[in-house]
Amino acid sequence: MEFKSLFLVIALFPLVIRSQGRVKYKKFKPRNDYLGLSEYEEYCGGKPADVVFLLDASNSIWGPDFKKQLEFVQNIVSMFNIGENYTQVGMATFNRHTDLQFHLNTYHKKEDLIEAIGLVEETYGDATNTADAVRFMRREMFSPRHGSRKGVPRVGVIITDGQSSNILRTVFQASRAKRQHINLFAIGVGDLVNARELRGIASKPSMEYMFQVLGYGALGSVRNILAVRTCAVSGKPKKLTTPVFVRRTTTTTTTTTPPPPKPTERTMLEPACRNKKADIVFAIDSSNGINRNDYWQQIRFVREVARRMDIGENKTRVGLIVYTDQVLRQFDLSDHTNMKPLLEAIISSRRSAGGTRIDNAVRYVRTKSFRRSLSRPGAAQVAVFIAGSKSRNIHKTKKEAGDARSAGMTLFSIGVGKGYSKDEMHVISKGNKGWGRHGYFVDDFDQIETIIKDLTIQACRTKPTETPLTNLSCGFRQQADLMFVVDSANAGRTNTKKTLEFVRDVSKSVDIDQDNVHVGLMSAGCDAGEEGFSLGAHRNEQAMKDAISRNQRGTDISKLLKDMRRNSFSSKEGGRKDAKKVAVVVVDGQLEQPLKALREARFARIRGVEVYVVAVGNGEVQKEIEMMCDDPLQKHFFRVENYDQLKGLKTDLVDMFCDEL
């Protein structure tokens, strides 16, 4: 969902919102230090107006910020004379859909109106359909049957914190509203607003009808200006050229209100995070035990933490995954190195569903989120795991967390509510220096905002990883079973030898060890005893070299692929349950049965084998051969014209294969 600029299409007066919620009403105390009711009536002459507020209630709005919108509207409403013959207020909230809160003719007593505004609850939606909200306002809320009065000024106030889903439709609907003599005020909140869209929504001149503030806490800076300009819309004869407000003191004085400050990305930056070189990955719970609102509370939490960091290519980078019993990658550390696209990507994250496997999330972060191609020397490696539900196997989580810490990562855990396992959160963070600084517990997702500042500071104070990942051997981070499948039937004896030399060179670059990388070979030689060797059959480099030298020529590759997926990675043949399974298939020229080979390769991928393909030959490559490898194609498919060029592939293949090891 996109971030929205807070478009405040302002009806003369603050809007009152009532929701279907069960929020306990807290008595509202209007702020009268700047513009009181008697001063307003004296200045505006008690002119009536019909005012409709449209409030952004999409997923990008943090709960406390939504409440600030309501308080802003309550403060404006408190300045005016509410009544059937005076000012009327209506309200709607919008995200993907528009939800009516109350019509213009619903409340004619100020106390009831202010109370109704305070009772409005935030709704959630994964889009910002401002266009439909404006359309609903002009067609339904400003209709006579819902309280709109003939000859009374119409005012619409739109507040949003980002860009709408369809800018052209939004501006078109705003232009139709203005042709119906509705005066539109647009208020954009935050640094993700689209200024051109705001100007397209606001009435002319836009400098008097458009406002842009840094954050929801800064809405008060435009409250009095908005009230005075609303007054001008309602029929004040004197045209306002300078925004003014009247301060209530023993003597009345008039002063000029400075324009609100322009948003800046660095305003919320924590000092501890300035110029910090850190890679931080968030893992949020999207399992079946997490309801929709709790999921979006996590998303907002990640956004608020990111906003307090110094985001940049050579500073702090952020990645995000969503986990259930599977892991859904949202974006990698290198995908968004500027604040605005990063925040937009966070809010656009997709939810998943399923069981809870925190161990899978920890493993994914260690092997994929912090893979070698994303590693930066001198950067801290931080992972933050949020859980609201209990995982299946705490022992696996403990093992994965230990492996992550051994790889140089610092882990934070956040347990929320009553569904998570406190012991599991403890094993994630206990290995760090100072459990209390890295483990957090809150009663529910509404309270997760209370730890934003502390978590941000602690994450930014994390020390860089002592040994850069690029200096560690291939296989240090994750066990791997690597099987080479050689098309010796078509390659011939001479080319098969060259292929085996290539296998030997690649094997030199990995850490062949009992606990790291195991290497196997399948070539099915014509002579007995020359069919290759199984995984783990040779526990050191020299023994493996000798075995490679004994292999000659082989048989059809589809049979080898079938045997590979059925047997080669089994425990009987040396395969390890938790090791990454990789197959490098070297294909010579055209296959006689390409569909059969493709089918076997796909079956292997279904069983969790990551398949790389090296095609040798200068003819056209069969489509089935390309389709045998994993996605993405550019990282799993290699082509050379002859076997002498295999040597040049070694570095690229090793880099790809070792990226997660």
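Everything below is about the structure shown above.
Because the structure is predicted, anything quoted here is derived from the model rather than measured.

Reading guide: rules and limits
Residues numbered from 1 in each chain as written. Predicted model: local features only at pLDDT ≥ 70, side-chain atom pairs only at ≥ 80, totals over all residues. Heavy atoms only, no water. Helix = DSSP H or I, 4+ residues; strand = E, 2+ residues; numbered from the N terminus. Salt bridge = Lys/Arg side-chain N within 4 Å of Asp/Glu carboxyl O. Expected span 1.5 Å × (residues − 1). Buried < 20%, exposed > 50% of the residue type's maximum accessible area, 1.4 Å probe, protein only. Pairing = 2+ DSSP bridges. Phe/Tyr/Trp six-rings, centres within 6.5 Å; stacked < 30°, edge-to-face > 60°. Lys NZ or Arg CZ within 6 Å of the ring centre and 35° of its normal. Core = buried A, V, L, I, M, F, W, Y, C linked by side-chain atoms within 4.5 Å. Axes fitted to C-alpha atoms, helices over the stretch in contact; angles between N-to-C directions. Contact = heavy atoms within 4.5 Å. Right-handed = clockwise from strand over helix to strand, strands pointing away. Polar contact = N/O pair within 3.5 Å; in protein donor to acceptor, adjacent residues only side chain to side chain. Parallel < 35°, antiparallel > 145°, perpendicular 65-115°, else oblique. Left-handed = near helix turned anticlockwise from the far one by under 90°. Nonpolar A, V, L, I, M, F, W, Y, C, P; charged D, E, K, R; others polar.

Caption draft 1: Quick peek at unusual backbone geometry. Along the chain, lysine 204 connects to proline 205 via a cis peptide bond; the corresponding omega equals -5 degrees. When you line up the elements, proline 205 lands in the loop between helix H6 (195-201) and helix H7 (206-209). In this model, aspartate 631 is joined to proline 632 through a cis peptide bond whose omega is -5 degrees. Position of proline 632 relative to the elements: it lies in the loop between helix H20 (623-627) and helix H21 (633-636). Positive phi values are uncommon outside glycine, yet histidine 181 reaches one of about 65 degrees. In this structure, histidine 181 sits in the loop between helix H5 (167-179) and strand S6 (182-189). Its identity is not glycine, yet asparagine 275 carries a phi of approximately 60 degrees, on the positive side.

Caption draft 2: Structural context of the pattern of salt bridges. A complete count under the given rule lists 27 salt bridges for this structure. Across the pair aspartate 644 and lysine 498 runs a salt bridge, and its minimum N-O distance is 2.9 Å. Here the residue aspartate 644 occupies a position in the loop between strand S21 (637-640) and helix H22 (650-658), and lysine 498 occupies one in helix H16 (residues 488-508), the gap between them amounting to 146 residues. Salt bridges linked by common partners bring Asp161, Arg303, Glu304, Arg307 and Arg308 together as one network.

Caption draft 3: Spotlight on H16. With 21 residues, H16 extends only 22 Å from end C-alpha to end C-alpha; this falls clearly short of the ideal 30 Å at 1.5 Å per step. Where H16 is concerned, the buried positions are Ser488, Ala489, Ala491, Gly492, Thr496, Thr499, Leu500, Phe502, Val503, Arg504, Val506 and Ser507.

Caption draft 4: How the structure looks around the pairing of strand S13 (residues 380-387). The element S13 is extensively covered by neighbouring structure, given that 8 of its 8 residues are classed as buried. In S13, alternate side chains face the same way, and those of Ala380, Val382, Val384 and Ile386 on one face and Gln381, Ala383, Phe385 and Ala387 on the other are all buried. Bridge analysis of S13 against strand S14 (residues 410-416) gives 6 bridges, and the strand direction is parallel. Within the sheet, the bridge partner assigned to valine 382 lies in S14 and is threonine 410.

Caption draft 5: Representation of the packing of aromatic side chains in the model. One pass over the structure, following the stated rule, counts 4 aromatic pairs. An angle of 40 degrees between the planes, with centres 4.7 Å apart, marks the rings of phenylalanine 185 and tyrosine 209 as tilted. Of this pair, phenylalanine 185 sits in strand S6 while tyrosine 209 is found in helix H7, placing the two residues 24 residues apart along the sequence. Here phenylalanine 185 and tyrosine 209 have matching classes, each one buried. An angle of 80 degrees between the planes, with centres 5.1 Å apart, marks the rings of tyrosine 295 and tryptophan 296 as edge-to-face. Of the two residues examined, tyrosine 295 and tryptophan 296, each falls in the buried class. We note lysine 422 situated over the ring of phenylalanine 441; from NZ or CZ to the ring centre the distance is 4.9 Å.

Caption draft 6: Inspection of the nonpolar core at higher detail. Core analysis: the biggest nonpolar cluster contains 56 residues, and Leu54 and Met137 have the highest contact counts within it. Residues Trp62, Val302, Phe445 and Ala459 belong to the second largest nonpolar core, which totals 45 residues.

Caption draft 7: Geometry of the sheet that holds strand S11 (residues 316-323). With mixed pairing, 6 strands are arranged side by side in an open sheet as S12-S11-S10-S13-S14-S15. Sheet topology places strand S12 (327-331) and strand S15 (439-442) at the edges, where each strand pairs with a single neighbour. The average undirected angle you get between the axes of adjacent strands in this sheet is 20 degrees. Its contacts with the sheet put helix H15 (residues 452-460) on strand S10 (278-285), S13, S14 and S15, and the angle it makes with S14 is roughly 165 degrees.

Caption draft 8: Representation of the pairing of S14 in the model. Most of S14 is tucked away, with 7 of its 7 residues classed as buried. Taking every second residue as pointing to the same face, both faces of S14 are buried, with Thr410, Phe412, Ile414 and Val416 on one and Leu411, Ser413 and Gly415 on the other. Crossover handedness for the path S13 to helix H12 (residues 394-406) to S14: right-handed. Where S14 and S15 come together, 4 bridges link them in parallel fashion. Note on S15: the bridge partner recorded for glycine 415 is phenylalanine 441.

Caption draft 9: View of the side chain of arginine 371. As for its position among the elements, arginine 371 is in the loop between helix H11 (358-369) and S13. Accessibility expressed as a relative area gives 13% for arginine 371, which makes it buried. At 2.9 Å, the side chain of arginine 371 and the side chain of aspartate 332 are in polar contact. Reaching out from arginine 371, the side chain makes a polar contact with the backbone oxygen of lysine 368 at a distance of 2.7 Å. Filtering out sequence-adjacent residues up to four positions away, arginine 371 remains in contact with Asp332, Leu469, Asp659 and Glu660.

Caption draft 10: Spatial organisation of the packing of helix H18 (residues 557-568) against helix H19 (residues 594-606). Axis separation between H18 and H19 bottoms out at 8 Å; the angle between their running directions is 15 degrees. Judged on the interaxial angle alone, H19 and H18 are roughly parallel. The element H18 and its partner H19 pack so that their crossing is left-handed. Note on element contacts: H19 touches H18 through Lys596, Ala597, Glu600, Ala601, Phe603 and Ala604, opposite Ile557, Ser558, Leu561, Lys562, Met564 and Arg565. Across the contact of H18 with H19, the residue classes tally to 7 nonpolar, 1 polar and 4 charged.

Everything listed is a geometric property; what it means functionally is a separate question.
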